[in-house]
Amino acid sequence: MPLVTSTEMFKKAYDGGYAIGAFNINNMEIVQGITDAAAALKSPVILQASAGARKYANSVYLVKLVDAALSLHPEVPMVLHLDHGADFAVCKDCVDNGFTSVMIDYSGHSFEENIEESRKVAEYAHEHGVVVEAELGTLSGVEDDVAVDAEKALYTDPDQVEEFVKRTGVDSLAIAIGTSHGAYKFKPGTKPQLRFDVLAEVSRRLPGFPIVLHGSSSVPQEYVKIINENGGALKDAIGVPEDQLREAARGAVCKINIDSDLRLGMTAGIRQHFMAHPDHFDPRQYIADGRKNVYDIVAHKIKDVLGSDNKI
Ligand code: G3H
Ligand code: 13P
Ligand code: ZN
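Below or above, wherever it landed, is the structure these notes cover. Quantities reported herein were computed from a predicted structural model and do not represent experimental measurements. (Residues numbered from 1 in each chain as written. Chains lettered and ligands numbered in written order. Predicted model: local features only at pLDDT ≥ 70, side-chain atom pairs only at ≥ 80, totals over all residues. Heavy atoms only, no water.)

Observations concerning the packing of aromatic side chains
Taken as a whole and assessed by the stated rule, the structure comprises three aromatic pairs. Measuring from centroid to centroid gives 5.7 Å for Phe-88 and Tyr-124, while their planes differ by 80 degrees, and the two rings are edge-to-face. Taken as a pair, Phe-88 in helix α4 (residues 88-96) and Tyr-124 in helix α5 (residues 111-127) lie far apart in primary sequence, 36 residues in all. For the pair Phe-88 and Tyr-124, one class covers both residues: buried. Between Phe-274 and Tyr-286, the aromatic rings sit 4.5 Å apart at their centres with planes inclined by 45 degrees, giving tilted as the arrangement. (Phe/Tyr/Trp six-rings, centres within 6.5 Å; stacked < 30°, edge-to-face > 60°. Helix = DSSP H or I, 4+ residues; strand = E, 2+ residues; numbered from the N terminus. Buried < 20%, exposed > 50% of the residue type's maximum accessible area, 1.4 Å probe, protein only.)

Right, dumping it as structure tokens:
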């Protein structure tokens, strides 16, 4: 089958109480690790490319790598998604060049500016059969000493979501409930806790509407340990507990974004390989170990966290 949009995927995920993994792609081995795992677990998958990925690899390569993965796994429903599109121009470029889903991230702008840019993107994308994700709220780390007003500003305001979705016409909404990007999400020593009350209120206001969680890496400590035991220095790397992601996936959250965990897996594999085989200099040898970890991590997420296995 050709690349698909996430419309049907999200409907099934919402009704079935699971979520689709959205994994970031940057090179061939990452695409292979993710899509081989999705195929083995019979799971739909979203492959997403950030601005950084498009600059690093060249968007043309990424589109064709995903096309190659699709040729090898034609039974797997795959979405090619733009992650954190900065403005209309970037989103338009992806709509015009093979992506089936785009994110317009105007969450750093005012509510009205966010509505206007997201609406413009949704209008153009929909004319071309492409779906749109937008973001409302500020994604940030949870700091327990943050002032009350500042804390409120970190989370999505449920009072705004109905108006935002209605006026923009977007197809899914990323919200802020305490996740954040990167490998250092929470203060060391604190117990990470997502704001399920905010999620519940948002889903009550938007029945049946797909919600997206960014910054959802769990920072597996076994990979952090391998990295640090093999010359790395990742101090206090902490992620979102997987049981909380599982709980979110049971409800309105239909898309869960994971990038940092794949980076950790790739790095752990390569570092371990170099330490064990200082004489090796063939990239196929050490990158293969990184790719194997990407496969293992994605397979684990699909089966034990997202619950999207055996859904095709
Ligand atoms: O949301 C951020 C993703 O992890 C992508 O990161 O912009 O470094 O490619 P990047
Ligand atoms: P992580 O850094 O937690 O993997 O989040 C990735 C993400 O949200 C990509 O948009
Ligand atoms: Zn993100």
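Concerning α4
Of the positions making up α4, those classed as buried are Phe-88, Cys-91, Cys-94 and Val-95. Axial view of α4: buried residues confined to an arc of 130 degrees, hence all on one face. Taken together, the buried residues of α4 touch α3 (51-72), β3 (78-85), β4 (101-104) and α5. At the N-terminal end of α4, a side-chain oxygen is found 3.2 Å from the backbone nitrogen of Ala-89, two or three residues along, and the residue is Asp-87. (Arc of directions from axis to C-beta. Contact = heavy atoms within 4.5 Å. Polar contact = N/O pair within 3.5 Å; in protein donor to acceptor, adjacent residues only side chain to side chain.)

Section: the environment of Ala-237
Here Ala-237 lies in the loop between α9 (221-229) and α10 (242-250). Here Ala-237 falls in the buried class, since its relative accessible area comes to 4%. As for Ala-237 and Val-170, which are separated by 67 residues in sequence, their C-alpha atoms are 34 Å apart. For Ala-237, the contacting residues outside a window of four places in its chain are Ala-183, Tyr-184, Val-219, Gln-221 and Val-224.

Some words on unusual backbone geometry
We note that Lys-42 has phi near 55 degrees; this positive angle belongs to a residue other than glycine. By relative accessible area, Lys-42 is classed as partly exposed at 42%. The backbone of Asp-236 sits at a positive phi, close to 55 degrees, despite the residue not being glycine. For Asp-236, the position within the fold is in the loop between α9 and α10.

Quick look at the site of ligand 2
Close contacts around ligand 2 come from 16 residues, with Asp-83, Lys-185, Ser-217, Asp-259 and Ser-260 the closest. The side chain of His-214 places a nitrogen or oxygen atom 3.1 Å from an oxygen atom of ligand 2. Between ligand 2 and Gly-215 there is a distance of 2.7 Å, counted from an oxygen atom to a backbone nitrogen or oxygen. Relative to its unbound accessible surface of 300 Å², ligand 2 loses 96% to contact with the protein. Sorting the residues of the shell around ligand 2 by element identifies β3 and β8 (253-258) as the ones contributing at least two each. The residue inventory of the shell around ligand 2, partitioned by class, reads one nonpolar, 12 polar and three charged. (Near = heavy atom within 4 Å. Areas by Shrake-Rupley, 256 points an atom, 1.4 Å probe, with all protein chains shown as cover. Nonpolar A, V, L, I, M, F, W, Y, C, P; charged D, E, K, R; others polar.)

What about the coordination of the zinc ion (ligand 3)?
Within the protein, His-84 (NE2), His-181 (NE2) and His-214 (ND1) serve as the donor atoms for the zinc ion (ligand 3), at 2.0 to 2.1 Å. Here the donor residues of the zinc ion (ligand 3) are spaced in sequence according to H-x96-H-x32-H. Highlighted residues: His-84 in strand β3 and His-181 in the loop between β6 (172-175) and α8 (196-205), separated in sequence by 97 residues. (Donors = N, O, S within 2.8 Å, 3.2 Å for Na, K, Ca; no water.)

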